[in-house]
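Residue strings, one per chain:
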Amino acid sequence: MWSFEDSCKSGGSGQTRFAKSAVRASARRDGQNNATAYTKAEGTDFLSADRKVSEESQSLAVEEAAAATAAFPGEREERLPQVVRALRNPNFRLFWSGNFLSNIGTWMQNVAQGWLVLTLTNSAFWLGVVGFAGSIPFLIFTLFGGVVADRVNKRKLLIVTQSVMMVLAFAMAALSYFKIITVWEVVVLAFLNGMAMAMNAPSYQALVPRLVPREDLTNAIALNSAQFNMSRILGPTLGGYAMALVGVAGNFFLNGISFLAVLWALTRIKYPEQQPSHYPGLLNSLRQGFTYLHGKKQMLVLVWMTAVASFLGIPFITFIPYFVRVQLHSGETGLGWLLAASGLGAVLGAVTVAARGTLRHRGTVVTIGGLVFFSAIISFRSEEHTSELQSLRH
């Protein structure tokens, strides 16, 4: 049985005709119900008022249907599986695909960068320095990036930041290919890349809700998480084999090429432009953000949980190259497979969220997930300590 919402999704002239007929039928039913309460004294006034309200409702419904068709013109009539229903929106599908290919290249570069630092220094300390240089811009510039994203054209800002990261990847490829790169140059390039990513992230997150209708937003967010974590599997795996075949310079070059996919997608997508609004000054916007965060205890708890995981948990990825080379005595392909394995669980989690839609007791799920995450890292360290003791005994 068709509903008015289904008619909005079918698009075109058929959608508008169905919207009109549905509203007319609703108006007739309302007229019949109101006629039951008709009295000789006030009947004429009631019916006249009902006709006026029905005509206004009909006009409003037709305008809403036309607006929905204009905002999302290419939605498919067929039903996609629940887990990927946000991909029925062509603009989001294009944006999602371009970022997926680009993220694969980014993870290929991450594999090569860690291996390059280890080759240049054979030091876990320098791995930490490079990881710090690439991550500290997120702490400093992401807040300003969010404020800037509210005030500028998000598409243009994303094109600029993605282009900067592409140039940095090609610079890393050239320096590595001619074997003139030093660890300090890696640190500087990692810091600049982190700055571009910090300015890129808020605009990226703010653009997604403009590419899908509200009912698809949760699924779109879950699919974005899934594509990022799928790239964590494919990128390191391909990066490990690519390093074995063409060296670290080849990985950096392939990452630079991968940015063309997301740049092409950004020039092709269409979405309703944000209406110009008046915003307070930069510092006032930051102050308002902190005030809102302080007033919302749930948000404050989530921010602290994310901060703890970011500072004490996620950096373990930085030291995987050292663990692979020193503890496991493996090479580039082994590094790729180990990094790929770290993304497999994240993909399963993202797919679960996308399939379920809305999870109950989300706070409990987040807390349990965090405990399992840190328990796995502790177990990882315990295994490393056991292997060290065994090597000393032998």
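Above: the structure in question.
Note that the coordinates shown come from a computational prediction; the quantities given were computed from them, not determined experimentally. (Residues numbered from 1 in each chain as written. Predicted model: local features only at pLDDT ≥ 70, side-chain atom pairs only at ≥ 80, totals over all residues. Heavy atoms only, no water.)

J.: Mind showing me how you'd approach the overall build of the chain here?
T.: Counting its secondary structure elements, the chain contains 13 helices and 0 strands. Traced from its N-terminal end to its C-terminal end, the chain shows the element sequence α-α-α-α-α-α-α-α-α-α-α-α-α. When the 394 residues of the chain are sorted by exposure, 36% land in the buried category. Long-range contacts, defined here as pairs at least 24 residues apart, represent 83% of the contacts in the chain between residues at least 6 apart. Summed over its atoms, the accessible surface of the chain is roughly 23000 Å², and 65% of this surface lies on carbon and sulfur atoms. (Helix = DSSP H or I, 4+ residues; strand = E, 2+ residues; numbered from the N terminus. Buried < 20%, exposed > 50% of the residue type's maximum accessible area, 1.4 Å probe, protein only. Contact = heavy atoms within 4.5 Å. Areas by Shrake-Rupley, 256 points an atom, 1.4 Å probe, with all protein chains shown as cover.)

J.: Can you walk me through the packing of aromatic side chains in this structure?
T.: Here a ring pair, both rings aromatic, is described through the centre-centre distance and the interplanar angle of the planes. Summed over all chains, the structure comprises 7 aromatic pairs. Look at tryptophan 96 and phenylalanine 100: their rings are 5.6 Å apart centre to centre, the planes differ by 25°, and that puts the pair in the stacked class. Of the two residues, tryptophan 96 and phenylalanine 100 are both situated in helix α4 (residues 90-121); the distance of 4 residues between them amounts to about one turn of the helix. The same class applies to tryptophan 96 and to phenylalanine 100, which are both buried. Judged by centre distance (5.2 Å) and plane angle (80°), the ring pair of tryptophan 126 and tryptophan 184 falls under edge-to-face. With tryptophan 126 in helix α5 (residues 124-151) and tryptophan 184 in helix α7 (residues 183-207), this residue pair connects regions lying 58 residues apart in the sequence. For tryptophan 126, a relative accessible area of 19% translates into the label buried. Three or more aromatic residues joined by ring pairs make a cluster, and in this case those are Phe125, Trp126 and Trp184. For the cation-ring pair, arginine 325 lies above tryptophan 115, with the distance from its terminal atom to the ring centre recorded as 5.5 Å. (Phe/Tyr/Trp six-rings, centres within 6.5 Å; stacked < 30°, edge-to-face > 60°. Lys NZ or Arg CZ within 6 Å of the ring centre and 35° of its normal.)

J.: Sorry, what's going on with the pattern of salt bridges here?
T.: Pairing between side chains of opposite charge can happen when the charged atoms of each approach one another. Applying the stated rule across the entire model yields 2 salt bridges. Residue arginine 85 pairs with aspartate 216 through a salt bridge whose shortest N-O separation is 3.4 Å. Of the two residues, arginine 85 sits in the loop between α3 (43-71) and α4 while aspartate 216 sits in the loop between α7 and α8 (217-268), which places them 131 residues apart along the sequence. The class of aspartate 216 is buried, set by a relative accessible area of 0%. For arginine 88, the salt bridge identified is with aspartate 216, shortest N-O distance 2.8 Å. Residue arginine 88 is found in the loop between α3 and α4, and its partner aspartate 216 is found in the loop between α7 and α8; the two are separated by 128 residues along the sequence. (Salt bridge = Lys/Arg side-chain N within 4 Å of Asp/Glu carboxyl O.)

J.: Help me understand the nonpolar core, please; the structure alone is not making it clear to me.
T.: One recurring pattern in soluble globular proteins is that nonpolar side chains are buried together. Grouped together as the largest cluster of nonpolar side chains are 28 residues, with contacts concentrated most on Val117, Met243, Phe252 and Leu335. If you list the elements that add at least two residues to this core, you get α4, α5, α6 (154-177), α7, α8, α11 (320-327) and α12 (332-356). Ranked by residue count, the leading element in this core is α4, at 7 residues. (Core = buried A, V, L, I, M, F, W, Y, C linked by side-chain atoms within 4.5 Å.)

J.: I'm lost on the environment of leucine 328 in this one. Help?
T.: The topology assignment puts leucine 328 in the loop between α11 and α12. For leucine 328, a relative accessible area of 45% translates into the label partly exposed. If we ignore the near neighbours within four places in the chain, the residues touching leucine 328 are Phe323 and Leu338.

J.: Looking at this model, I keep getting lost on α6. Mind explaining?
T.: Because an α-helix packs 3.6 residues into every turn, residues spaced three or four apart end up facing the same way. End to end, α6 covers 35 Å across 24 residues, agreeing with the expected 34 Å (1.5 Å per residue, within 8%). The N-cap residue of α6 is asparagine 153: its side-chain oxygen and the backbone nitrogen of arginine 155 are 3.0 Å apart. Note on α6: the residue one or two positions beyond its end, lysine 179, has a positive phi of about 55°. (Expected span 1.5 Å × (residues − 1). Polar contact = N/O pair within 3.5 Å; in protein donor to acceptor, adjacent residues only side chain to side chain.)

J.: Whenever I open this one, the packing of α6 against α7 confuses me. Can you help?
T.: A pair of packed helices is captured by two measures, namely the crossing angle of their axes and the spacing between those axes. One can describe the packing of α6 onto α7 by two numbers: an axis separation of 9 Å at closest approach and a directional angle of 155°. As judged from the angle between their axes, α6 and α7 are roughly antiparallel. Here α6 and α7 pass one another in a crossing that is left-handed. Residues Lys154, Leu157, Leu158, Thr161, Gln162, Val164, Met165, Leu168, Met172 and Leu175 of α6 form the contact with α7, whose own contacting residues are Glu185, Leu189, Leu192, Asn193, Ala196, Met197, Met199, Asn200, Ser203, Tyr204, Ala206 and Leu207. (Axes fitted to C-alpha atoms, helices over the stretch in contact; angles between N-to-C directions. Parallel < 35°, antiparallel > 145°, perpendicular 65-115°, else oblique. Left-handed = near helix turned anticlockwise from the far one by under 90°.)

J.: Hey, could you run me through the side chain of glutamine 162 in this one?
T.: As for its position among the elements, glutamine 162 is in helix α6. Not counting residues within four places of it along the chain, the set of residues in contact with glutamine 162 comprises Ser102, Asn200, Phe259, Val262, Leu263 and Leu266.

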